[in-house]
Amino acid sequence: MKESYWREAAAEYEKRLGAFCRLEIVQLKEERLAENPTDGEIRTALEKEAAQILRQIPPKAYRIALCVEGKQLSSEELSVRLAQIAETHGEVCLIIGSSFGLADSVKEACDLRLSVSRLTFPHQLMRVLLLETVYRSFQIQKGTRYHK
């Protein structure tokens, strides 16, 4: 994360999440592409990234791919889903793709495809948004006033 304000926002939610879970963020290198890549170049880059991603997923983790075509859940529904996953799998792996998204092979390897919105967000903001969403899920589970 290049900008300090994104790093600071992410760090704040990482700190807050420490009270609820063991959090590990793995950031992989995005494949470099030309300014105007062809569809074939994009597919090739996504497959190279997919190989890296799939190697990093813990073997028993419940895998969630964030993608625009995924299922949209309310904060309450996601909170319930994450609580169920914690009981059945104990570990969840949330995957954010690169600038061009995720290869189909990653999506197919996942247990759930989740869409935060049909809108497109920059990666730095998506990380902060995802961290906040997971934090909110824990707050909902606890019944605090954080989620109004």
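Structure: see above.
1. Focus: the pattern of salt bridges
Here is step 1 of the chain: Applying the stated criterion to the full structure yields six salt bridges.
Here is step 2 of the chain: Across the salt bridge formed by R16 and E12, the nearest N and O atoms sit 2.9 Å from each other. Here R16 and its partner E12 are both found in helix 1 (residues 4-17), four residues apart, which amounts to about one turn of the helix.
Here is step 3 of the chain: The exposure class of E12 is partly exposed, given its relative accessible area of 30%.
Here is step 4 of the chain: Each member of the salt-bridge network shares a partner with another, and the members are E12, K15 and R16.

2. What about the packing of aromatic side chains?
In this description, an aromatic ring pair is defined by two values, namely the gap between the centres and the angle between the planes.
Here is step 1 of the chain: Summed over all chains, the structure comprises five aromatic pairs.
Here is step 2 of the chain: On the numbers, 6.0 Å between centres and 55 degrees between planes, the contact of Y13 with Y135 is tilted. Here the residue Y13 occupies a position in helix 1, and Y135 occupies one in helix 5 (residues 123-142), the gap between them amounting to 122 residues.
Here is step 3 of the chain: For the pair Y135 and Y146, a centre-to-centre distance of 4.9 Å together with 80 degrees between the ring planes defines the contact as edge-to-face. Highlighted residues: Y135 in helix 5 and Y146 in the segment after helix 5, separated in sequence by eleven residues.

3. Observations regarding the sheet that holds strand 1 (residues 62-71)
Here is step 1 of the chain: Within the open sheet, the three strands sit side by side as 2-1-3. Their pairing is parallel. Here the strands that pair on one side only, and so sit at the sheet edges, are strand 2 (92-96) and strand 3 (112-114). Across the sheet, the mean angle separating the axes of adjacent strands is 40 degrees when strand polarity is ignored.
Here is step 2 of the chain: Here strand 1 runs beside strand 3; their pairing, made up of four bridges, is parallel. Bridge pairing links I64 to L112 in strand 3.
Here is step 3 of the chain: Each of strand 1 and strand 2 is contacted by helix 5, which is oriented at about 155 degrees to strand 2, the strand it contacts most.

4. With respect to helix 2 (residues 39-56)
Here is step 1 of the chain: The end-to-end C-alpha distance of helix 2, which contains 18 residues, comes to 26 Å, matching closely the 26 Å that a straight helix rising 1.5 Å per residue would cover.
Here is step 2 of the chain: Buried within helix 2 are the following residues: I42, A45, L46, E49, A50, Q52 and I53.
Here is step 3 of the chain: Buried positions along helix 2 lie against strand 2 and helix 4 (104-109).

5. Concerning the pairing of strand 1
Here is step 1 of the chain: For strand 1 and strand 2, the ladder comprises five bridges, and the chain directions are parallel. Bridging from a neighbouring strand, R63 pairs with C93 of strand 2.

6. Brief notes about helix 3 (residues 75-88)
Here is step 1 of the chain: The end-to-end C-alpha separation of helix 3 is 20 Å, in line with the 20 Å expected for 14 residues at 1.5 Å each.
Here is step 2 of the chain: Among all positions in helix 3, only L78, S79, L82 and I85 are buried. Considered in projection along helix 3, the buried side chains sweep an arc of 125 degrees and stay on one side of the axis. For helix 3, the exposed residues lying more than 90 degrees away from the buried face are E87 and T88.
Here is step 3 of the chain: Summarising the contacts, the buried residues of helix 3 are in contact with strand 1, strand 2, strand 3 and helix 5.
Here is step 4 of the chain: Immediately downstream of helix 3, the backbone of G90 shows phi near 80 degrees, a positive value.

Conventions we followed
Residues numbered from 1 in each chain as written. Predicted model: local features only at pLDDT ≥ 70, side-chain atom pairs only at ≥ 80, totals over all residues. Heavy atoms only, no water. Salt bridge = Lys/Arg side-chain N within 4 Å of Asp/Glu carboxyl O. Helix = DSSP H or I, 4+ residues; strand = E, 2+ residues; numbered from the N terminus. Buried < 20%, exposed > 50% of the residue type's maximum accessible area, 1.4 Å probe, protein only. Phe/Tyr/Trp six-rings, centres within 6.5 Å; stacked < 30°, edge-to-face > 60°. Pairing = 2+ DSSP bridges. Axes fitted to C-alpha atoms, helices over the stretch in contact; angles between N-to-C directions. Contact = heavy atoms within 4.5 Å. Expected span 1.5 Å × (residues − 1). Arc of directions from axis to C-beta.

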